[in-house]
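# Descriptive structure summary
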Amino acid sequence: MYTNYEPGDRTAPIEERQGSIVVKGKGRTKVSCGNDSLAGAVSQRACVYCGARVVLNPVTDAVHLVHGPIGCATYTWDIRGSLSSGSDMYRNSFSTDMREKDVIFGGETKLAECIDEVVTRHRPSAVFVYSTCVVGVIGDDIVAVCREASSRHGIDIIPVESTGFISGNKIVGYRAAAEALLRLIRPKEGEEVERTNKVNFLGEYNLGGEKWIVEKYLREIGVEINVAFTGDSSVEALKRAPGAKLNLVQCTGSMHWLAAQMEKEFGTPLLDVNFFGSENIADSLRRIAAFYGDPEIARKAEALIERETARLMPHIERYREKLQGKRAAIYVGGAFKAMAIVRQLKELGVEVVVAGTQTGRPEEYEALSGLLDEGTVIVDDTNPAEIERFLLEKKIDVMAGGVKERVLAYKLGIGFIDHNHDRKDALAGYEGALRFAREVYVTTCSPVWMYLREAKPSRELV
Amino acid sequence: MLECMPKQQVEHTVGKINPAKTCQPIGAMYASLGIHGCLPHSHGSQGCCAYHRMHLSRHFRDAVLATSSSFTEGASVFGGAANLKTSIKNVFEIYQPEVMAVHTTCLSETIGDDVPTMIRQSEVPEGKYVIHANTPSYKGSHVTGFSNMCKAMVTYLAQYDGGMRKERVNILPGFVNPGDMREMKRIAQEMGVDFIMYPDTTDVLDSPLTSKYEMYPKGGATVAQIKDSGNSKATLSLGAWSSDAAGVALQEKCGVACIPLHIPIGLKATDEYIMALRNTAGVKVPSTLTVERGQVIDTLIDTHFHYQGKKVAVFGDPDTVVPLTEFLITMGMKPVYVMTGTPGAAFEDQTCKMLDEANITERKIKAEGDLFDLQMWIKEAKVDLLVGTSYGKYIARAEDIPLVRVGFPILDRAVHPLMPIVGYRGCLRLIEQISNALLDRRDRDSLDEDYELVM
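All figures in this text were calculated on a predicted structure; none of them were measured in a lab.

Reading guide: rules and limits
- Residues numbered from 1 in each chain as written.
- Chains lettered and ligands numbered in written order.
- Predicted model: local features only at pLDDT ≥ 70, side-chain atom pairs only at ≥ 80, totals over all residues.
- Heavy atoms only, no water.
- Contact = heavy atoms within 4.5 Å.
- Buried area = accessible area lost by both parts, 1.4 Å probe.
- Salt bridge = Lys/Arg side-chain N within 4 Å of Asp/Glu carboxyl O.
- Polar contact = N/O pair within 3.5 Å; in protein donor to acceptor, adjacent residues only side chain to side chain.
- Helix = DSSP H or I, 4+ residues; strand = E, 2+ residues; numbered from the N terminus.
- Nonpolar A, V, L, I, M, F, W, Y, C, P; charged D, E, K, R; others polar.
- Pairing = 2+ DSSP bridges.
- 1 Å grid on protein atoms, 1.4 Å probe; cavity = no way out; pocket = protein on both sides within 12 Å on 5 of 7 lines; lining within 4 Å.
- Points joined across faces, edges and corners; volume = space filled by probe spheres on them.
- Axes fitted to C-alpha atoms, helices over the stretch in contact; angles between N-to-C directions.
- Parallel < 35°, antiparallel > 145°, perpendicular 65-115°, else oblique.
- Left-handed = near helix turned anticlockwise from the far one by under 90°.
- Disulfide = S-S within 2.5 Å.

### Description of the interface of chain A and chain B
Taken residue by residue, the interface counts 69 residues in chain A and 71 residues in chain B. In total, chain A and chain B occlude about 6200 Å² of area from one another, counting both sides; carbon and sulfur atoms represent 62% of this. When the buried area of chain A at its contact with chain B is split by residue, Tyr-75, Trp-77 and Lys-411 of chain A rank highest and sum to 15% of it. Counting across the interface, chain A meets chain B through five salt bridges. The shortest N-O distance in the salt bridge between Glu-368 of chain B and Arg-99 of chain A comes to 2.4 Å. Put simply, chain A and chain B have 21 residue pairs in polar contact (both at pLDDT 80 or more) between them. Elements supplying a minimum of two residues to the side of chain A that touches chain B: helix 1 (48-56), helix 2 (70-75), strand 3 (94-95), helix 3 (100-105), helix 4 (108-122), helix 5 (133-138), helix 15 (384-393) and helix 16 (403-411) of chain A. Class assignment for the residues of the side of chain A that touches chain B results in 33 nonpolar, 18 polar and 18 charged. With two bridges connecting them, strand 3 of chain A and strand 1 (residues 16-17) of chain B associate as antiparallel partners.

Structure follows, in structure tokens:
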């Protein structure tokens, strides 16, 4: 038996957090979300700069220059698992390395000098300049510095207004990144972008080559990707974005605003897709085919789905035999990812009993809730104390999350699947679905668990 | 990889490219974890806290908890006093630590938050402690932050009771892994020395997996021990950058004699550590340690032809790099490029002196450098081996040089935090890693006919 939380139960150790935890089917349905984290609480959340950086970093041939003290640049140096088919410029770490003097007298001159040096010596196709906490406080005008540098050098030097303290929520950073992208792709006066029949693929970061997998599928059914935002993208390719016929939106948290904006400015319609897990892939391919309204595309899509599903399912079946009845918790950055994982775990016979995100919005939590069974704990902006409680009380066998959850899960003797933005193994497409299944199996059924001093009954070698 | 590197030699004059350091708060957070029952608290916006926890978790592969004042725009305009007071209240109510160790961030430093006053105005539960260190990210590096928090332990906690000095030695271990601290303690125990070590992250960041999660693992120096360190006879402060500030503060505050030493990496620094323990505690060096030393010498002879005369580039934190350079010289290698990201003229002076004595005249030494500099040097004249943190792997690949991972952070290998590089055992480990890296390389490069079984 596991604990069933009742309405009015103190599910959170902190009073202020009671509203952020709900149990599906127990009266309350709305998760309180999007609030600032409590002062003095351990939060798994990051900052605005982090949100902006993870969205923009995969632009491969740009210099990503962080205007601030060194830490912000160091911690984000190559933390994306985004692969490149061309330039590796994005995998370097550039910082203005602000010092006390710059904080006192202002950092604009140093920033301008830094841009000049970077542009003349490294010849990037564009520079993204990120503002950090200190820059926001001392009021360096990065927009003006970038504008002047841009006209000095004749390339795009784009300010990203990602001062960390604006919000404790990464979503604000996603928005800053989207604004920067819009600034980059909006045709300059007199410029014409060629109209095509291709699609843009928004919210796809090419982790472990995931964009390439989907690109292969789309090509097979007769649809070409114009450019992905931002996985394996170049500045030149991004500038062709306004010419696409359709915007596919995968990671909704980071890209929905941009897609809506592009619809308004360039008239590009948008379609939500998701290439994680066989159900989602099939669903997405069919929707794309329907959009084009071309029977040939639809036929090819069905053929692909049939062939790949037939190949995948025996493997999934094999893993399901081992995993049937195991219990899982999910805590990830965004709701899009959470939903994709729920579906895949269910396909593997794994019951999801806890699901949460750092940045989910009300409508996203509602959609997530729709996928979950009664009694499932749904949680926003959780912390290690709560995670520990959920993992133990709900008798979790495996957790999906990022690095900070990994170490916690392991300590409690619980399996773990990394679904972080820095992984370099693809989880998208049918091959990704197989890899995901294998990873769930390997960690949940590791023989190591048998050697724990207090082995749990469910820890039998399979 | 790293294709931005210009083909010709260029010096960059402003900013950093591929940094060899990070910011103060993470060092302070790590030091805080070396106090038993301590919860580190980051006074600023929460991104920093998340990054530091993530980075430490990746290096140690263990859970790192810390709270944040969660600044938003309001706090940044009106000051963070309300946030800190709420934090102190919440932290003791929710997480019930023995000690809350507050460090600042660049944000709270820039707006000028007066943390000590805020702490004084807060309600701290009876018998609990709040200590703090100023750790502006735009000064020094992560090592500076570590040092500042160590000093805070002294200024807030250490006391001299005025009586007879205890026959006991304080050991300030410097910014090293728990495996290193464990080895330093083992050596002191073998010698029968009574000691207090702080910070001490053994049994905190290398704790066993028991299926129980302990928010406050059994390790760490207790507040009582840190207090009592003021009554000790002497302090061995290991590492000028990470420990001297605390050692000197303890001498000034409580009159405990401070003996500055290197972190005991390599033969010479280990000898000095052991001799300092012997002299201050008035004990004998046991034969077990003499045997260990002999094994190092024996191994050096067994392996010297693998590495002697090879050129090596070494980078990392100054307190690690200085004794490491010394050991590389002892091994007969040529450290031709020696670099740290942390500022400090003493780094250049000390390494310069060592290399002069070893007659290694063609070399480049730099404090406050970055890995772009290092790669430019290597492009100019290649080395046989690179020794440094995981970030060296980009250079290793681009320039096709083997890398031995030493220092902080190591993000792409496991087990290292438990394996010491200090003491004689640490010497053996370094020799093994360096020899094997070079031998693996020879195997990889050799033609079929030159491929050897016995090397």
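Having put the structure on the table, let's press on.
### Examining empty space enclosed by the protein
Using the criterion set out here, one finds ten cavities of 30 Å³ or more in the structure. Approximately 670 Å³ is the volume found for the largest cavity. Contributing to the lining of the largest cavity are 43 residues, with Lys-170, Gly-333, Lys-337, Asn-420 and His-421 of chain A lying nearest its centre. Where the lining of the largest cavity is concerned, the elements lending two or more residues are helix 1, helix 7 (170-185), strand 6 (199-204), helix 10 (252-266), strand 10 (327-332), helix 13 (335-347) and helix 16 of chain A together with helix 2 (46-60) of chain B. Of the residues assigned to the lining of the largest cavity, the class counts are 18 nonpolar, 16 polar and nine charged. Volume-wise, the second largest cavity comes out at about 200 Å³. In this structure, the second largest cavity is lined by 20 residues; those nearest its centre are Asn-177, Asp-180, Gly-407, Phe-408 and Ile-421 of chain B. For the lining of the second largest cavity, the secondary-structure elements that each account for two or more residues are helix 2 and helix 17 (423-445) of chain B.

### Observations regarding the packing of helix 16 of chain A against helix 2 of chain B
Interhelical geometry of helix 16 of chain A versus helix 2 of chain B gives an angle of 50° and a closest axis separation of 9 Å. Compared by their axis directions, helix 16 of chain A and helix 2 of chain B come out oblique. Between helix 16 of chain A and helix 2 of chain B lies a crossing whose hand is left-handed. Residues Val-403, Lys-404 and Val-407 of chain A of helix 16 of chain A form the contact with helix 2 of chain B, whose own contacting residues are Ala-50, Arg-53, Met-54, Ser-57 and Arg-58 of chain B. Partitioned by chemical class, the residues of the contact of helix 16 of chain A with helix 2 of chain B number four nonpolar, one polar and three charged.

### With respect to the state of the cysteines
Taken as a whole and judged by the stated rule, the model has zero disulfides over all chains. Summary of cysteine pairing: Cys-114 of chain A is not part of a disulfide, and the nearest cysteine sulfur, belonging to Cys-146 of chain A, is at 12 Å.

### Describing the sheet that holds strand 1 of chain B
The five strands are arranged 5(A)-4(A)-2(A)-3(A)-1(B) in an open sheet whose pairing can be described as mixed. This sheet does not close on itself; its edge strands, each paired only once, are strand 5 (156-160) of chain A together with strand 1 of chain B. Relative to strand 5 of chain A, strand 4 (residues 126-131) of chain A is paired through five bridges, and the arrangement is parallel. The partner of Phe-128 of chain A across the bridge, within strand 5 of chain A, is Ile-158 of chain A. Docked against the sheet, helix 1 of chain A engages strand 2 (62-67), strand 4 and strand 5 of chain A, running at close to 165° with respect to strand 4 of chain A. Each of strand 2, strand 3, strand 4 and strand 5 of chain A together with strand 1 of chain B touches helix 4 of chain A; the most contacted strand, strand 2 of chain A, lies at about 160° to it.

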